[in-house]
Amino acid sequence: MNGQLEQIRTFLAVADAGGFARAAGTIGTSASSVTRAISDLETTLGVQLFKRTTRKVALTQAGSNYYQQMLPVVAEIARIDDSARAFQTELQGSLRISAPLSFGTHFLAQPIADFRAAHPGIDLSVNLTDRFIDIMQADHDMALRISGPPSDHSTIWRKIKQVGRALVASPGYLAQHGTPEHPADLPAHACLSYTHLAEGEVWQLTDPTTGDTHPVRQSFRFACNNGDLLAQMAIADQGIALLPDFLAADALASGDLQRVLPTWYPPDIWLTAFYPPYQKLPAAIDRFTTCIETAVSRLNL
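Read on for an overview of the structure. As the structure is a computational prediction, the values presented were derived from the model and not from experiment. (Residues numbered from 1 in each chain as written. Predicted model: local features only at pLDDT ≥ 70, side-chain atom pairs only at ≥ 80, totals over all residues. Heavy atoms only, no water.)

The next point concerns the packing of aromatic side chains. Applying the stated rule across the entire model yields eight aromatic pairs. Arranged with centres 5.3 Å apart and planes meeting at 55°, the rings of Phe-11 and Phe-50 form a pair that is tilted. Within this pair, whereas Phe-11 is found in helix α1 (residues 2-17), its partner Phe-50 is found in strand β1 (residues 50-52), the two being separated by 39 residues in sequence. Take Phe-11: its relative accessible area is 0%, and that puts it in the buried class. Judged by its relative accessible area of 1%, Phe-50 is buried. When the ring of Phe-103 is compared with that of Phe-107, the centres are 5.6 Å apart and the planes differ by 50°; the resulting orientation is tilted. You can see Phe-103 and its partner Phe-107 sitting in helix α5 (residues 101-118), four residues apart, about one turn around the helix. An identical accessibility class is assigned to Phe-103 and Phe-107; each is buried. Put simply, the rings of Phe-11, Phe-20, Phe-50, Tyr-66 and Tyr-67 touch in pairs and so form one group of aromatic residues. The aromatic ring of Phe-132 is capped on one face by Arg-145, whose charged end is 5.7 Å from the ring centroid. (Phe/Tyr/Trp six-rings, centres within 6.5 Å; stacked < 30°, edge-to-face > 60°. Helix = DSSP H or I, 4+ residues; strand = E, 2+ residues; numbered from the N terminus. Buried < 20%, exposed > 50% of the residue type's maximum accessible area, 1.4 Å probe, protein only. Lys NZ or Arg CZ within 6 Å of the ring centre and 35° of its normal.)

Written as structure tokens, this is what we have:
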């Protein structure tokens, strides 16, 4: 069909120019190529489109009818082509984003408002979930995630910012149960688990001064899939939690929580943007990612 479409465009050029040579000059090809394209089109259709003389080329009745019907069709195809290209270069259409629940409720409102103000032609849909969606299967254009290095090699991804984490507990809990002095002490404590933790049921802790690494495998006394609830449970004297700094910051500042084993650190995690395997990011997705990068650069994550 693509070859026939080019033949049709050549046919329209010949009809408009009134000659093969003039049409060739208009569309930037040779007269022989134009002649061959018209001949092939007539063979495909089984009808003569032009009356040819040594002095003149004119449409036959069938050719005139074909011209009148094809002219708006080719114009519509050109419009559709331009519309498709616009998604790569212009900010229009829809954008569907997945993001972590706690991060979204704490930080996304302002960058989303900024993005919508700058690009009102985009219809934006945001799904807040801590579930790791399959960006290839889910109906999303991109996903923001806070996690360790991605293991899915079928997607593309961009690190945005490192997210600090710390073990925390309330002063009340520590007064009642004691303060751990080494990761080996943790199994004796009530530990609060985030069920989507990249490390699973193991807290891998490292002392950067000595280089010592200690895995802590334990049965967690409480587990849930939301960081805000974990923070609230820790504040309520329910145990020790491994939380992103942005969820614990206010409680640490107020004294409702305090750091546990402050010289031991879990593996790095990052706020990362995941995309389907685009050859080049569409303009709206690239601009939204840049908007998030700009916003979080000012945050203490």
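There is more to say after this.
Applying the stated rule across the entire model yields seven salt bridges. A salt bridge links Asp-139 to Arg-96; its shortest N-O distance comes to 2.6 Å. Of this pair, Asp-139 sits in the loop between β4 (122-128) and β5 (142-147) while Arg-96 sits in strand β3 (residues 93-99), placing them 43 residues apart in sequence. In this structure, Glu-293 engages Arg-158 in a salt bridge whose closest nitrogen and oxygen atoms are separated by 3.5 Å. Here the residue Glu-293 occupies a position in helix α9 (residues 283-296), and Arg-158 occupies one in strand β6 (residues 156-163), the gap between them amounting to 135 residues. Under the relative-accessibility criterion, Arg-158 is labelled partly exposed at 23%. (Salt bridge = Lys/Arg side-chain N within 4 Å of Asp/Glu carboxyl O.)

Residues Leu-101, Val-126 and Leu-128 make up a contiguous nonpolar surface patch of roughly 180 Å² in combined accessible area. Checked against the element boundaries, Leu-128 lands in strand β4. Overall, Leu-128 belongs to the partly exposed group, its relative accessible area being 32%. (Patch = residues over 30% accessible without salt bridge, like charges linked within 9 Å, V, L, I, M, F, W, Y side chains within 5 Å. Areas by Shrake-Rupley, 256 points an atom, 1.4 Å probe, with all protein chains shown as cover.)

Quick look at the sheet that holds strand β12 (residues 240-244) now. Within the open sheet, the five strands sit side by side as β11-β8-β12-β7-β13. Their pairing is mixed. Each end of this open sheet is capped by a strand with a single partner; those strands are β11 (222-224) and β13 (258-260). Recorded for the sheet is a direction-independent mean angle of 40° between the axes of neighbouring strands. Two strands pair when backbone bridges link them, and strand β7 (residues 165-169) and β13 are joined in this way by three bridges, in the antiparallel orientation. Of the residues in β13, the one forming a bridge with Leu-167 is Val-260. Relative to strand β8 (residues 191-194), helix α7 (residues 227-235) is tilted by about 170°, and along the sheet it contacts β8, β11 and β12. Strands in contact with helix α8 (residues 245-254) are β7, β12 and β13; relative to β12, the strand with the most contacts, it is inclined by about 115°. (Pairing = 2+ DSSP bridges. Axes fitted to C-alpha atoms, helices over the stretch in contact; angles between N-to-C directions. Contact = heavy atoms within 4.5 Å.)

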